[in-house]
Amino acid sequence: MKIAVLGGTGLIGSRAVEDLKAAGHEAVPLSRSTGVDLLTGEGLGPALEGADAVVDVTNSPTFDEASAAFFRTTTDHLLTAAREQGVGHVVVLSIVGADRVPDLDYYRAKVLQEDVVKAGPVPYSIVRATQFFEFVDDIMSWTSDGETVRLPSTRLQPIAAADVVRTVAEVAVTPPLQGTLDIAGADVYPLDELGRITLDARGDQRAVVTDHTAGMFSAVPGDAIIAGPDARITPTRYRDWLAVRPA
Ligand SMILES: NC(=O)c1ccc[n+]([C@@H]2O[C@H](COP(=O)([O-])OP(=O)(O)OC[C@H]3O[C@@H](n4cnc5c(N)ncnc54)[C@H](OP(=O)(O)O)[C@@H]3O)[C@@H](O)[C@H]2O)c1
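Residues numbered from 1 in each chain as written. Predicted model: local features only at pLDDT ≥ 70, side-chain atom pairs only at ≥ 80, totals over all residues. Heavy atoms only, no water.

1. Regarding the nonpolar core
The test is simple: Among buried residues, the Ala, Val, Leu, Ile, Met, Phe, Trp, Tyr and Cys ones that are joined through side-chain atoms within 4.5 Å form a nonpolar core. Exposure categories follow from relative accessible area, calculated using a 1.4 Å probe and restricted to protein chains: below 20% of the type maximum is buried, above 50% is exposed, and the middle band is partly exposed. To qualify as a helix, a DSSP run of H or I must reach at least 4 residues; to qualify as a strand, a run of E must reach at least 2; elements of each kind are numbered from the N terminus. Here, residues are in contact when the closest pair of their heavy atoms is within 4.5 Å.
If you look at the biggest cluster of nonpolar residues, it comprises 58 residues, and the most contacted ones within it are Leu93, Tyr107, Val164, Phe217 and Tyr238. A per-element tally of this core places helix α6 (residues 161-172) first, with 7 residues. When near neighbours in sequence (up to four residues on either side) are disregarded, Leu93 contacts Ile12, Asp56, Val57, Lys110, Gln113, Val127, Ala129, Phe132, Val164 and Val168. Of all hydrophobic cores here, the second largest spans 22 residues; its members include Leu6, Leu30, Val90 and Val116.

2. Focus on the site of the ligand
Convention followed: Note on definitions. A residue lies near a molecule or strand when any single heavy atom of the residue is within 4 Å of it. We define a polar contact as two N or O atoms separated by no more than 3.5 Å, with the added condition that, inside protein, one atom must be a possible hydrogen donor and the other a possible acceptor, whereas residues neighbouring each other in sequence contribute only through side-chain atom pairs. Residue exposure ignores everything except the shown protein chains as possible cover, and the areas themselves are Shrake-Rupley values with a 1.4 Å probe.
If you check the shell around the ligand, you find 26 residues, and the closest are Thr9, Arg32, Thr58, Tyr106 and Phe132. In the model, an oxygen atom of the ligand is placed 2.7 Å from a nitrogen or oxygen of the Thr9 side chain. One nitrogen or oxygen atom from the main chain of Phe132 is found 2.8 Å from an oxygen atom belonging to the ligand. Bound to the protein, the ligand loses 86% of the 920 Å² it would expose on its own.

3. As for unusual backbone geometry
Phi at Gln178 takes a positive value of approximately 45°, unusual for a residue other than glycine. Its place among the elements puts Gln178 in the loop between α6 and β8 (180-184). Exposure remark for Gln178: the relative accessible area of 47% places this residue in the partly exposed category.

4. Some points on α6
This is how it is decided: Helices are assigned an expected span. That span is 1.5 Å times one less than the residue count.
With 12 residues, α6 extends 16 Å between its outermost C-alpha atoms, agreeing within 8% with the 16 Å of an ideal straight helix rising 1.5 Å per residue. Counting buried positions over the 12 residues of α6 gives 9, a clear majority of the element. Taken together, the buried positions of α6 are Ala161, Asp163, Val164, Val165, Thr167, Val168, Ala169, Val171 and Ala172.

5. Observations concerning the packing of aromatic side chains
Here is the rule we go by: Working definition: a ring pair exists when centres of Phe, Tyr or Trp rings (six-membered ring for Trp) sit within 6.5 Å. Plane angles under 30 degrees give stacked, over 60 give edge-to-face, the rest tilted.
This model, assessed by the stated rule, comprises 11 aromatic pairs. Note on Tyr106 and Tyr107: the rings are 6.4 Å apart at their centroids and 55° apart in plane angle, and the pair reads as tilted. Between Phe133 and Trp241, the aromatic rings sit 5.2 Å apart at their centres with planes inclined by 55°, giving tilted as the arrangement. One end of the pair, Phe133, is in the loop between β5 (124-129) and α5 (136-142); the other, Trp241, is in helix α8 (residues 238-244), with 108 residues separating them in the sequence. Judged by its relative accessible area of 2%, Phe133 is buried. Among the aromatic residues, those joined into a ring-pair cluster are Phe63, Phe70, Phe71, Tyr106, Tyr107, Phe135 and Trp142.

6. What to know about helix α7 (residues 191-202)
Since the α-helix advances by 3.6 residues per turn, residues separated by three or four positions end up pointing in the same direction. Its 12 residues give α7 an end-to-end C-alpha distance of 17 Å, which sits within 8% of 16 Å, the value for a rise of 1.5 Å per residue. Tucked into the core, α7 has its buried residues touching α5, β6 (148-151), β7 (155-156), β9 (189-190), β10 (207-210) and α8. Looking one or two places after α7, you find Gly203, whose phi comes out positive at around 70°.

7. Some thoughts on the sheet that holds strand β11 (residues 232-233)
Across a sheet, paired strands are connected by hydrogen bonds in the backbone, their directions being either parallel or antiparallel. The criterion, for reference: In short, DSSP must find at least two bridges between two strands for them to pair. Interaxial angle, 0 to 180 degrees, is taken between N-to-C directions of lines fitted to C-alpha atoms, where a helix line uses only the stretch in contact.
Strand order in the open sheet formed by 7 strands is β2-β1-β3-β4-β5-β8-β11, with parallel pairing between adjacent strands. The sheet is open, and its two edges are formed by β2 (26-30) and β11, each paired on a single side. Pairing of β8 with β11, which is carried by 2 bridges, proceeds in the parallel orientation. From the neighbouring strand, Ile183 faces β11, where its bridge partner is Arg232. Its contacts with the sheet place helix α4 (residues 105-119) against β3 (53-56), β4 (90-95), β5 and β8, and it is angled at close to 155° to β4.

8. Details of the packing of helix α1 (residues 11-22) against α6
Filter applied, for reference: Under this scheme an angle from 65 to 115 degrees is roughly perpendicular, one under 35 degrees roughly parallel, and one over 145 degrees roughly antiparallel; angles in between are oblique. Each crossing gets its handedness from the near helix: less than a right angle anticlockwise from the far helix is left-handed, clockwise is right-handed. Under the grouping applied here, Gly and all other residues not named as nonpolar or charged are polar, the nonpolar ones being Ala, Val, Leu, Ile, Met, Phe, Trp, Tyr, Cys and Pro and the charged ones Asp, Glu, Lys and Arg.
Where α1 meets α6, the axes come as close as 9 Å, and the angle between the chain directions of the two elements is 55°. When the axes of α1 and α6 are compared, the pair comes out oblique. The hand of the α1/α6 crossing is right-handed. Contacts between α1 and α6 involve Leu11, Ile12, Arg15, Ala16, Asp19 and Leu20 from the former and Ala161, Ala162, Val164, Val165, Arg166 and Ala169 from the latter. A class-by-class count of the residues in the contact of α1 with α6 yields 9 nonpolar, no polar and 3 charged.

As structure tokens, this is what we get:
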């Protein structure tokens, strides 16, 4: 199969391209650096020619209120071009529980993206993942002053990017779900504890200070971003991943 991967140079996209190629498919990475801009639509139509499926794993440059315009415009362009080129399957990657966190601009923007895809003219699959293991360092960097990291005890169920990639690649080559598949790692951690485990494994001397007002995850109510009973639980465990990952 020919699969176009928008955001195919990013964390998930680049690995999805590799996975798909390893499985014998023709996977084409698309992004601004390959001459395709999903915000303006530049280069998009020709890039989708002959594709059986298109995966959208692009990301907004910011997590603020501007992210809604990013996902609205890029998804509109994607669906229009996919329809014109006769692409039979659009796959997007969203976030478990995004609809249960109305106070976060970025999560509202991801729900908007899902809604545009659901209402669109192209058969679709929505994969919703929990927070990537690889994202934990970014989360800590937002509220670190070099000596401490302030984190709320919001419960997360993080997942390895490699497991997300495997699922996205699998969904891309199977018939459209016309629905949503939630995926999550096996373990639930309060974010402050996740921070402590991570710093400890790295020998990082910074201390985690529990702060229920710190960072974007302080806006998450209760267990809103924990996977429900229908989610697919993926194999890689955070402590095992940390143990083999270079600092
Ligand atoms: N982080 C998490 O924990 C998490 C959890 C669940 C779901 N997700 C979702 O996963 C998706 C992928 O995340 P990621 O971490 O893999 O992203 P990433 O590493 O930041 O990669 C983003 C990709 O999008 C491309 N891109 C950005 N703007 C573009 C544009 N205007 N036109 C074309 N391509 C554009 C970038 O390439 P260029 O710069 O070359 O254009 C890059 O290839 C996101 O939609 C995110 O919401 C993330």
